[in-house]
Amino acid sequence: MDVLHVAAETGPWSKTGGLGDVASALPKALAKRGHRVVAVSPRYKEIPGAKDTGLRARFHLFGVDHEVRYHALESDGVVWVFVDNPCFTRGGIYGDSRGSYPDNLFRYALLTRAAIDVAARLPLVGGPLADDTVFHSNDWHTALLPSYLEAWRQMGRFTHAATVHGLHNCSHHGTAPSDSFAGLDLPLRFWPVLDMHGYVNPLKAGIVSADRLVTVSPTYAREITRTHGFGLEHLLAGRREQLVGILNGVDDAWDPKTDKHLPANFDVDDLSGKLKCKLELQRSLGLPVEGKVPLVSMIARLDHQKGIDLVEAITPWLMAQGAQLVMLGSGSEKYKAFFRETERRWPRQARGWYGFDESLAHKIEAGSDIFLMPSRFEPCGLNQMYSLRYGTVPVVHRTGGLADTVQSFDPDREVGTGWAFSPHDAGAFRDAIGFALVTWGRFPESWRRMQRRGMSQDFSWDRAGALYERLYAWAASSRRS
Ligand code: ADP
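Reading the values: the criteria
Residues numbered from 1 in each chain as written. Predicted model: local features only at pLDDT ≥ 70, side-chain atom pairs only at ≥ 80, totals over all residues. Heavy atoms only, no water. Pairing = 2+ DSSP bridges. Helix = DSSP H or I, 4+ residues; strand = E, 2+ residues; numbered from the N terminus. Axes fitted to C-alpha atoms, helices over the stretch in contact; angles between N-to-C directions. Expected span 1.5 Å × (residues − 1). Buried < 20%, exposed > 50% of the residue type's maximum accessible area, 1.4 Å probe, protein only. Arc of directions from axis to C-beta. Contact = heavy atoms within 4.5 Å. Salt bridge = Lys/Arg side-chain N within 4 Å of Asp/Glu carboxyl O. Domains from an automatic or database assignment. Buried area = accessible area lost by both parts, 1.4 Å probe. Polar contact = N/O pair within 3.5 Å; in protein donor to acceptor, adjacent residues only side chain to side chain. Near = heavy atom within 4 Å. Areas by Shrake-Rupley, 256 points an atom, 1.4 Å probe, with all protein chains shown as cover. Nonpolar A, V, L, I, M, F, W, Y, C, P; charged D, E, K, R; others polar. Parallel < 35°, antiparallel > 145°, perpendicular 65-115°, else oblique. Core = buried A, V, L, I, M, F, W, Y, C linked by side-chain atoms within 4.5 Å.

Caption draft 1: Main features of the sheet that holds strand β1 (residues 2-6). Strand order in the open sheet formed by nine strands is β3-β4-β5-β2-β1-β8-β9-β13-β14, and the pairing between neighbours is mixed. The sheet is open, and its two borders are formed by β3 (51-61) and β14 (243-245), each paired with just one other strand. Ignoring strand direction, the axes of neighbouring strands in this sheet form an average angle of 25°.

Caption draft 2: Inspection of helix α16 (residues 461-480) at higher detail. If you check α16, its first and last C-alpha atoms are 28 Å apart, about what 20 residues at 1.5 Å a residue would give, namely 28 Å. Those residues of α16 that fall on the buried side of the exposure criterion are Trp 461, Ala 464, Gly 465, Tyr 468, Leu 471, Tyr 472, Ala 475 and Ala 476. Along the axis of α16, the buried positions cluster into a sector of 140°, meaning they face one direction only. Turned more than 90 degrees off the buried face of α16, the exposed positions are Arg 470 and Arg 480. Residues of α16 that are buried in the fold lie against β1, α1 (18-32), β8 (134-138), β9 (162-167), β13 (212-215) and β14.

Caption draft 3: Fine view of the pattern of salt bridges. This structure, assessed with the given rule, holds 25 salt bridges. Note that Asp 462 and Arg 33 form a salt bridge whose closest N and O atoms lie 3.5 Å from each other. Of the two residues, Asp 462 sits in helix α16 while Arg 33 sits in the loop between α1 and β2 (36-42), which places them 429 residues apart along the sequence. Classification of Arg 33 by relative accessible area gives partly exposed; the value is 31%. Ionic pairing is found between Arg 283 and Glu 280, a salt bridge with its closest N-O pair at 2.8 Å. Of this pair, Arg 283 and Glu 280 both sit in helix α8 (residues 272-285), three residues apart, which is roughly one turn of that helix. Judged by relative accessible area, Glu 280 falls into the partly exposed class, the value being 28%.

Caption draft 4: Inspection of unusual backbone geometry at higher detail. The step from Gly 11 to Pro 12 runs through a cis peptide bond, and the omega angle for that step is 0°. Cis peptide bonds are those with omega within 30 degrees of zero, and the linkage from Ser 422 to Pro 423 qualifies with 5°. As for its placement among the helices and strands, Pro 423 is situated in the loop between β20 (419-421) and α14 (426-442). With a phi close to 50°, Phe 62 is a non-glycine residue in the positive phi region. Mapped onto the secondary structure, Phe 62 falls in the loop between β3 and β4 (64-75). A relative accessible area of 35% means that Phe 62 is categorised as partly exposed.

Caption draft 5: Structural view of the domain arrangement of the protein chain. Once the domains are mapped, the protein chain shows domain 1 (2-249 + 461-480) and domain 2 (272-455). The distance between the C-alpha centroids of domain 1 and domain 2 comes to 35 Å. Of the residues lining the interface, 14 residues belong to domain 1; the matching set on domain 2 comes to 13 residues. Roughly 970 Å² is buried in total at the junction of domain 1 and domain 2, and carbon and sulfur atoms are behind 63% of that figure. Counting across the interface, domain 1 meets domain 2 through zero salt bridges. At the junction of domain 1 with domain 2, the criterion picks out five residue pairs in polar contact (both at pLDDT 80 or more).

Caption draft 6: Local environment of the site of the ligand. Looking at the ligand, there are 19 residues lining it, with Arg 301, Lys 306, Gly 355, Asp 357 and Leu 382 nearest. Here an oxygen atom of the ligand and a side-chain polar atom of Lys 306 are 2.8 Å apart. Taking Tyr 386, its side chain carries an N or O atom lying 3.2 Å from an oxygen atom of the ligand. Taking 560 Å² as the accessible area of the ligand by itself, protein coverage stands at 85%. A class-by-class count of the residues in the shell around the ligand yields eight nonpolar, six polar and five charged.

Caption draft 7: Seen up close, the sheet that holds strand β17 (residues 350-354). If you trace the six strands from one edge of the open sheet to the other, you get β17-β16-β15-β18-β19-β20, paired in parallel fashion. Whereas interior strands pair on both sides, the edge strands pair on one side only; in this sheet they are β17 and β20. Neighbour to neighbour, the strand axes of the sheet diverge by 15° on average, direction disregarded. Inspection of the sheet shows strand β16 (residues 324-331) paired to β17 by five bridges, in the parallel sense. For Leu 328, the partnering residue across the bridge sits in β17 and is Trp 353.

Caption draft 8: Looking closely at the packing of α1 against α16. Taken N-terminus to C-terminus, the directions of α1 and α16 make an angle of 75°; their axes are 9 Å apart at the nearest point. It follows from the interaxial angle that α1 and α16 lie roughly perpendicular. Contact residues: Val 22, Ala 25, Leu 26, Ala 29 and Leu 30 in α1; Trp 461, Gly 465, Tyr 468, Glu 469 and Tyr 472 in α16. A breakdown of the residues in the contact of α1 with α16 according to their chemical character gives eight nonpolar, one polar and one charged.

Caption draft 9: Geometry of the pairing of β8. Burial of β8 is extensive: five of the five residues sit out of reach of the surface. Residue alternation in β8 divides its side chains into two sets, Val 134, His 136 and Asn 138 and Phe 135 and Ser 137, and both sets are buried.

Caption draft 10: Representation of the nonpolar core in the model. Within the largest apolar cluster, 70 residues are counted, with the highest numbers of intra-cluster contacts made by Leu 4, Val 38, Val 40 and Tyr 70. With 12 residues, the top contributor of residues to this core is helix α2 (residues 104-121).

Caption draft 11: The arrangement of α1 in detail. Here α1 spans 21 Å end to end across 15 residues, near enough to the 21 Å set by a 1.5 Å rise per residue. Burial of α1 is extensive: 11 of the 15 residues sit out of reach of the surface. For α1, every residue scored as buried is listed here: Leu 19, Gly 20, Val 22, Ala 23, Ser 24, Ala 25, Leu 26, Pro 27, Ala 29, Leu 30 and Ala 31. Taken together, the buried residues of α1 touch β1, β2, β5 (78-84), β8 and α16.

Caption draft 12: Layout of the environment of Leu 186. Here Leu 186 lies in the loop between β10 (176-177) and α4 (191-194). Not counting residues up to four positions away in its chain, the partners in contact with Leu 186 are Ser 147, Tyr 148, Phe 181 and Leu 194.

Encoded structure:
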């Protein structure tokens, strides 16, 4: 298959969150499976190793002709194309300290149109991309791709191309005033596709017009048709038959056997290194170095979504159980005060590290016994998957990707990899942690088996790549029939 992937961010060159991870890992996984993949994103800054292809294009948008240049590099079997125009090189990705850039609709319409042009014109080994290329767009930024492609089809190109739109977070729609429609250079017949309550809503356009929709977990795929669709529930419900959920994979950098950040490595067959990681973590954080005290942790973007308020609510109880608590996060300032206060009240038991620290995140995952993730909603979630890989038993709210990756422990049947509590309140959360603490303290053999079950799960990108491959074939079949 030929696949054109387009996203507003692509790690490692541009990344603010999960979208950047997927846009980097999925093209590689598909190329590994033998597909020809071109991945397009903006050139926000100089990209080491990317060369100017010499190709130029002009697009009429918002009343003016805009020229773009294409830079490209090849690695991991993927052709990575970076669209160059002054609107992308302002320093930030989506905005700066004053907020989002006011012309983001223009910037990402330019990216989207350029991506289709790249598919049509980029000289590639083996000739141009095929007429039945699968176009995979993502989130609101590139959700106009099916509309622009439809406009192109009129010109006899990509008549059999299929479109797949990826939903990583339904809370951002890219809404703009209705008069911006005129600037997008789409025929007037597309207005009903983009219109939502009298506004231009790019995400809505992608949802109603892509051949297939995909989100990052099966449970989130169901939830957005009912409760977590941010006003798009009924449209998503109407497309239920074309919507699937595929869990993200975990990057190879998160493997306790080879992790370079750890003082000792370990794997499912030999967990002895994990205790060393715990003792070293306690020492480095100035906590009592004690293997027999349960170490509970949390790493999160400090946002209402992540349910930090529940952690706050149960902390006095958790401290009374004698556990240690280690928290790492950045974001909302109000949680910084919670971190400070917790450290002040329980200096021998708690640490709250406010900031973003990749290396510390690895050390915490490896050195903890129990990991907390009480998110209100969670499209996929990565930390619970890292925890499972690192033998750190997760306690999660039963929602979205958390529900799909963590199965609650059942001592009678000896199944489960952690605890998935519901409803989303402090009582249910505390009960689940209580159950975890008792199991950890009194039933070490059961605990070991639970750790091993978690560590044996397959969260590889190869697995996810195979599922995307099936999705693309399904999308392509819709264009043939
Ligand atoms: P989201 O994308 O909603 O923030 P995910 O669980 O999907 O949540 O991914 C979050 C990623 O960011 C994980 O890799 C996590 O380890 C990392 N992360 C979040 N906060 C921090 C932090 N303060 N320091 C280091 N890594 C962090």
